[in-house]
Amino acid sequence: MCGIYTTFSDKPITSSKFLVSLKDLEYRGYDSAGITFFSGSKYKTFKTLKKISDLQIKVPKTEKSKIIIGHTRWATHGKPSIKNSHPHIMKDLAIVHNGVIENFDDLKKDKHLSSYEFKTETDTELILLLIHHFCKKLSLKDSVLKTSKLIKGSNAFICSKVNSDKKEMIAYKNNTPLYFGIKLNGERVFSSDLNSIKKNLKGYYYLENNEIFHLEENRESLFTKDSKKKKIHLNNVEVKKRTSKKKIKDSITYSEIKEQKSYILGFEKIILKIQKKINAITKPSEIVIIGCGSSYNVGNLGKIFIEKNSKIPVSVFRPSEYFPVSDNKNRLFIFISQSGETADVCSLLESDQLHFKNSLSIVNNNDSRLVRDTTLSINLDAGIEKGVAATKTFTAQTLILYGISKLLENKNIKIKDFSYIKENLINKIFRLEDNIKNISKKYSKFKNLFVLGRNYNFPIATEIALKIKEIAYIHAEGGLSSEIKHGPIALLDKKFPVILLISNDKKTIHNEITSLNEIVSRTTKVVVVAQESVVKKFDMKISSLIDIISIPDYEGDLVSLTYLIPLQLLSYHLAKNKSLSIDQPRNLAKVVTVE
């Protein structure tokens, strides 16, 4: 959600260099941004309600400082405004914060703050005022320590205190991720995101809960919540070979949809990577999958794979709706989170480590909160996904869950016995884009629609409904096509379109076509996605009234992906037709670090 990036250096750092690093946090989602320098004898602050590129215009390129604090804000307390954006400044103190203070309303009435007047609507200002109050008698470190014991919730913040006598910076973290790093040139940085500090990084440290990291001009110190000093052990950063960056013509999200081709074609490598880990698991009698948003939707697809292939019963929960039961023998918990930092998921896992002792996480971030607390972890290795809406990570999660289902069925399974999607088939799918683009022009104007499917297409329907909501701002409801007569059909008219996914399942295909006929008798604003051989079964009159995305025939276990990709492209073009901010949709955050 909010992004923190700060530097504390022996040599002045230019604003242009700093803002490039802050820009690496953009993909997380934000509604305002700010930066403050210590210049001369005071802080100099710049803020914007636009993008970081606006700061790059506002801040003089010649501006330099040894201490710079930057922030991207996703509003929790107080609307997006210049006043509420960070950093907050009070005399010689500056602060940036990521998280939520759950006892904010109670603390505002605290005796320590009786003489202060709040100038913003943010909970961050409360931290600043408490530190300021305690600094009257205590050091900055002890003031932060005392403040940290008063505030409740998931929080990370950086506070600097700079005057003519001393320059220092303190970081505090509880649950919300925060990294410290040392660059090859000696520059010391804090960031919410490891990816933003990897360049020229000598080593990094992931702050544990309730730790305080203290930077002074010639040293750094680490303390526990009991003020005990700890040794700082820096981790080596994993640096992957950089491929030459292609210029992105349309959007990051679009390029990430296209990237899925290479990931799907590399499926054999994925299996070889996860085989040893999955084979180390004793076959469970039950599996529980837990995730939010797209990770919940892919969990339902995983349920289909696992129950079909390994005959293990699977339940899928959103973390807020899972309640531990006492009998927990031989149950495997699979926690899914693209970032590995999803607060709802992590908090559930941490709430009862004994109950969740047999756990596996599936993430796209090897150094994350979720990885630290699960027994086993699988990294998607899909590369950083910068579009806020999940696309390639959903496909990667799908392939991992399918691989798990086959390996749980038979540890000795041969590579050739997995289903694969060949390059020729993927190329055919992407060649459907011109038709999809034309169809999208007819449906961008609508404010509501259904996305319906059954069997393996139901999780795809719910995922695409989410995509359309996220990036096209259309109220899309994902549902079961088999349930249309049990209420939803009441909504159908010429202003309420339907996107209908029809499977190739021989047991249900005729029922699915019947559902199509029932829908078309009430509205002709219908987009059908079906395989070529299935489309031929439609009544010719019906076909002439509706829009059809005819996908190539495919019988393998990964058939759901042949529906997913065309519909991701449809979601993208619905948004593009409306000239929306596709990569960073309003109100959304890529990494959800508060519950």
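Here the structure is a predicted model, which is why all the values come from computation and not from measurement.

As for the packing of aromatic side chains
For the coordinates displayed, the defined rule picks out 25 aromatic pairs. The structure contains a cluster of three or more aromatic residues connected by ring pairs, namely Phe-267, Phe-305, Tyr-402, Phe-418 and Tyr-420. Geometry around Tyr-296 places Arg-318 over its ring, the cationic atom sitting 3.8 Å from the centre. The side chain of Arg-586 reaches across the aromatic face of Tyr-473, ending 3.9 Å from its centre.

Digging into a positive patch on the surface
Together, Lys-445, Lys-494, Lys-495 and Lys-525 make up a positively charged patch on the protein surface. Relative to the helices and strands, Lys-495 is located in the loop between β21 (475-480) and β22 (498-501).

Concerning empty space enclosed by the protein
Under the defined criterion, the tally for this structure stands at 2 cavities of 30 Å³ or more. Considered as a void within the structure, the largest cavity measures approximately 70 Å³ in volume. Lining the largest cavity are 13 residues; nearest its centre among them are Cys-2, Arg-73, Thr-76, His-86 and Asp-123. Of the residues forming the lining of the largest cavity, the biggest block, 3 residues, is contributed by strand β6 (residues 93-99).

Let's talk about the environment of Leu-567
Mapped onto the secondary structure, Leu-567 falls in helix α18 (residues 560-577). Separated by 68 residues in the primary sequence, Leu-567 and Ile-499 place their C-alpha atoms 9.4 Å from one another. Setting aside its immediate chain neighbours within four residues, Leu-567 contacts Ile-460, Ile-464, Ile-499, Leu-501 and Val-529.

What about the sheet that holds strand β15 (residues 286-290)?
In spatial order, the strands read β16-β15-β17-β18-β19; together these 5 strands make up an open sheet with parallel pairing. Looking at the sheet topology across the chains shown, the edges are occupied by β16 (314-317) and β19 (376-379). Between one strand and the next, the sheet's axes are offset by a mean angle of 20°, whatever the strand orientation. Of the strands in this sheet, β15, β17 (331-337), β18 (359-363) and β19 touch helix α11 (residues 392-409), which is tilted by about 145° from β18.

A look at the packing of helix α6 (residues 252-265) against α18
Following both chains from N to C, one finds α6 and α18 inclined at 165°, their axes separated by 10 Å at the closest point. Relative to α18, the element α6 lies roughly antiparallel. As α6 runs across α18, the sense of the crossing is left-handed. Contact residues: α6 offers Tyr-254, Ile-257, Gln-260 and Ile-264, while α18 offers Leu-561, Leu-564, Ile-565, Gln-568, Leu-569 and Tyr-572. Looking at the contact of α6 with α18 residue by residue, the class counts come to 8 nonpolar, 2 polar and no charged.

How each quantity is defined
Residues numbered from 1 in each chain as written. Predicted model: local features only at pLDDT ≥ 70, side-chain atom pairs only at ≥ 80, totals over all residues. Heavy atoms only, no water. Phe/Tyr/Trp six-rings, centres within 6.5 Å; stacked < 30°, edge-to-face > 60°. Lys NZ or Arg CZ within 6 Å of the ring centre and 35° of its normal. Patch = residues over 30% accessible without salt bridge, like charges linked within 9 Å, V, L, I, M, F, W, Y side chains within 5 Å. Areas by Shrake-Rupley, 256 points an atom, 1.4 Å probe, with all protein chains shown as cover. Salt bridge = Lys/Arg side-chain N within 4 Å of Asp/Glu carboxyl O. Lys, Arg positive; Asp, Glu negative; His and termini not counted. Charge placed at Lys NZ, Arg CZ, Asp CG, Glu CD. Helix = DSSP H or I, 4+ residues; strand = E, 2+ residues; numbered from the N terminus. 1 Å grid on protein atoms, 1.4 Å probe; cavity = no way out; pocket = protein on both sides within 12 Å on 5 of 7 lines; lining within 4 Å. Points joined across faces, edges and corners; volume = space filled by probe spheres on them. Contact = heavy atoms within 4.5 Å. Pairing = 2+ DSSP bridges. Axes fitted to C-alpha atoms, helices over the stretch in contact; angles between N-to-C directions. Parallel < 35°, antiparallel > 145°, perpendicular 65-115°, else oblique. Left-handed = near helix turned anticlockwise from the far one by under 90°. Nonpolar A, V, L, I, M, F, W, Y, C, P; charged D, E, K, R; others polar.

Interpretation note: all reported values are geometric properties and have no functional meaning in isolation.
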